Amino acid sequence: MPTVSRREFCKTAAGFAAAASFVSACPLQLRANPLGMPIGCQTWPVREMIAKDFPGSIKQLADAGFQSIELCSPVGYADSGFAGLAKYSAGELRRVLADAGVTCVSSHFTMQELRQNQDGRIAWAKDVGLTQMLVPSLEGPKHPTLDDVKRAAEEYNKMGERAARAGIQQGLHNEDFELSQVNGKRTYDLLLGLLDPELVKFQFQVSTISEGYDAAQYFRKYPGRFISMHVQGWSAKTRKIVPVGQGTLNWKDIFTAAKTGGIRNYFVEMNLELMKASVPYLRKLQV
């Protein structure tokens with residue numbers, strides 16, 4: 001079965017009507033969450049909302065109970081609804097987030113924009129207050145050779161080194177190229193062996209369980225190599241994305257293993273209704 005990619009499971013993201021039904025969450029009611037980390041969400045699923053009203057969208061995410069967000073770059077994701085973020089200065093962006101009561105330390109960038117002007121993107125990230133810069137994929141070929149993987153890793157190690165000099169942690173998500181195979185071996189595992197453990201951390205996409213990539217197994221197999229994860233519930237029976245806490249994933253085990261993996265933050269990433277339905281479970285989950 002084809003991989004359940006971010007774009008596939010988020011393309012049904014609800015619009016403003018669904019956003020209006022967010023369940024309000026008073027900050028005083030927010031209790032300890034898994035790993036003691038704030039409940040976070042990726043902004044990709046609500047990109048259409050953000051394109052129309054960034055401050056209003058962030059406020060509604062906060063009202064739903066999300067305490068941190070992960071952005072997408074207004075340069076690399078300009079055609080996906082994030083171009084409007086470019087009109088805000090770094091100070092204005094920080095003010096919008098602070099006014100909503102959410103934190104933001106991470107954003108996604110494309111390889112293309114980093115190839116074209118990594119120093120400029122690092123400068124923007126630091127101005128906004130980010131400490132983590134992620135790419136969704138190294139964008140290698142669909143059917144890579146070992147040399148293709150080595151070249152991709154070499155390029156990204158150099159990017160990671162440049163980011164580290166600026167005090168930024170470079171990270172890698174697992175989509176597309178990373179889910180391919182080379183001579184029967186997973187490209188993802190090869191990259192874990194080729195990428196510098198200090199210069200590049202990994203962000204695990206939990207929904208890749210659809211292709212047999214088990215989050216807890218990876219966190220335990222590669223301790224300290226991960227920085228964050230994108231969180232989705234999954235039903236093995238229906239092979240569909242479901243709210244966190246429903247379906248067949250053992251979240252207590254995943255979050256327990258995440259401590260070993262080195263996870264510092266996590267971001268729920270599904271369509272709007274599934275994201276907000278995940279908050280009550282995450283508030284109560286103790287690890």
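You'll find the structure just up there.
One structure accompanies this document, and this report is about it. (Residues numbered from 1 in each chain as written. Predicted model: local features only at pLDDT ≥ 70, side-chain atom pairs only at ≥ 80, totals over all residues. Heavy atoms only, no water.)

### Let's talk about the overall build of the chain
In terms of regular secondary structure, the chain is built from 11 helices and 12 strands. For the chain, buried positions account for 56% of its 287 residues. Within the chain, contacts between residues separated by at least 24 positions form 80% of all contacts whose residues are at least 6 apart in sequence. Just so you have it, the chain exposes about 12,000 Å², and 50% of that area is on carbon and sulfur atoms. (Helix = DSSP H or I, 4+ residues; strand = E, 2+ residues; numbered from the N terminus. Buried < 20%, exposed > 50% of the residue type's maximum accessible area, 1.4 Å probe, protein only. Contact = heavy atoms within 4.5 Å. Areas by Shrake-Rupley, 256 points an atom, 1.4 Å probe, with all protein chains shown as cover.)

### Some details on the nonpolar core
Ranked by internal contacts, the top residues of the largest apolar core, which has 87 residues, are Phe54, Phe204, Phe219 and Met229. Beyond its immediate stretch of four places on either side in the chain, Phe54 contacts Leu71, Leu85, Tyr88, Leu93, Val96 and Leu97. (Core = buried A, V, L, I, M, F, W, Y, C linked by side-chain atoms within 4.5 Å.)

### Quick word on the packing of helix 5 (residues 90–100) against helix 6 (residues 111–128)
The interhelical angle for the contact between helix 5 and helix 6, taken along N-to-C directions, is 45°, at an axis separation of 8 Å. With respect to each other, helix 5 and helix 6 are oriented oblique. As helix 5 runs across helix 6, the sense of the crossing is right-handed. Mapping the contact onto sequence places Ala90, Leu93 and Arg94 in helix 5 and Trp124, Asp127 and Val128 in helix 6. Taken together, the residues of the contact of helix 5 with helix 6 sort by class into 4 nonpolar, no polar and 2 charged. (Axes fitted to C-alpha atoms, helices over the stretch in contact; angles between N-to-C directions. Parallel < 35°, antiparallel > 145°, perpendicular 65-115°, else oblique. Left-handed = near helix turned anticlockwise from the far one by under 90°. Nonpolar A, V, L, I, M, F, W, Y, C, P; charged D, E, K, R; others polar.)

### Notes on the pairing of strand 12 (residues 265–268)
A two-sided burial pattern is seen for strand 12, the buried positions comprising Asn265 and Phe267 on one face and Tyr266 and Val268 on the other. Two strands pair when backbone bridges link them, and strand 1 (residues 40–42) and strand 12 are joined in this way by 2 bridges, in the parallel orientation. From the neighbouring strand, Cys41 faces strand 12, where its bridge partner is Val268. In this sheet, strand 12 lies alongside strand 9 (residues 226–231) in parallel orientation, the contact comprising 4 bridges. The residue of strand 12 that forms the bridge with Met229 is Tyr266. (Pairing = 2+ DSSP bridges.)

### Some words on the sheet that holds strand 9
The strand order around the closed barrel built from 8 strands is 1-2-3-4-5-8-9-12, with neighbouring strands paired in parallel fashion. Adjacent strand axes in the sheet meet at a mean angle of 30° when their direction is disregarded. Where helix 8 (residues 187–194) meets the sheet, its contacts fall on strand 5 (169–172), strand 8 (200–205) and strand 9, and the angle it forms with strand 8 comes to roughly 155°.

### Focus: the packing of aromatic side chains
Tallied over the entire structure, the rule returns 17 aromatic pairs. Ring centres of Phe219 and Phe226 lie 5.0 Å apart, and the angle between their planes is 75°; on these two criteria the pair is classed as edge-to-face. The class for Phe226 is buried, based on a relative accessible area of 1%. Taken together, the aromatic side chains of Tyr188, Phe202, Phe204, Tyr213, Tyr218, Phe219, Tyr222 and Phe226 make up a single cluster linked through ring pairs. Positioned over the ring face of Trp44 is Arg47, at 4.2 Å from the centre of the ring. The ring of Tyr213 is capped by Arg186, whose NZ or CZ atom sits 3.8 Å from the centre of that ring. (Phe/Tyr/Trp six-rings, centres within 6.5 Å; stacked < 30°, edge-to-face > 60°. Lys NZ or Arg CZ within 6 Å of the ring centre and 35° of its normal.)

### Details of the packing of helix 7 (residues 146–165) against helix 8
Packing of helix 7 against helix 8 brings their axes to within 10 Å, and their N-to-C directions diverge by 45°. Between helix 7 and helix 8, the angle is such that the two are oblique. The two elements helix 7 and helix 8 meet at a crossing, and its hand is right-handed. Touching Leu146, Val149, Lys150, Ala153 and Asn157 of helix 7 are Thr187, Leu190, Leu191 and Leu194, all from helix 8. Here the contact of helix 7 with helix 8 is composed, by residue class, of 6 nonpolar, 2 polar and 1 charged.

### Comments concerning the pattern of salt bridges
Within the structure shown, the criterion is met by 11 salt bridges. In this structure, Asp189 engages Lys221 in a salt bridge whose closest nitrogen and oxygen atoms are separated by 3.5 Å. Pair noted here: Asp189 is in helix 8 and Lys221 is in helix 9 (residues 215–221), with a separation of 32 residues, a long-range link. By relative accessible area, Lys221 is classed as exposed at 54%. A salt bridge links Lys276 to Glu273; the nearest nitrogen and oxygen atoms lie 3.2 Å apart. (Salt bridge = Lys/Arg side-chain N within 4 Å of Asp/Glu carboxyl O.)

### Some points on the side chain of Ser228
Summarising the element assignment, Ser228 is placed in strand 9. Of note is the side chain of Ser228, whose polar atom sits 3.0 Å from the side chain of Gln203. Residues in contact with Ser228, not counting those within four places in the same chain, are Phe202, Gln203, Phe204, Ile263, Asn265 and Phe267. (Polar contact = N/O pair within 3.5 Å; in protein donor to acceptor, adjacent residues only side chain to side chain.)

### Concerning helix 11 (residues 272–284)
Given 3.6 residues per helical turn, the α-helix brings residues three or four places apart onto the same face. Of all the bends in helix 11, the greatest reaches close to 25° and is centred on Ser278; the proline Pro280 follows between one and four positions later. Taken together, the buried positions of helix 11 are Leu272, Leu274, Met275, Lys276, Ser278, Val279, Leu282 and Arg283. Its side-chain oxygen at 3.2 Å from the backbone nitrogen of Glu273, Asn271 defines the N-terminal cap of helix 11. (Bend = angle between axes of the 7 residues up to and from the residue.)

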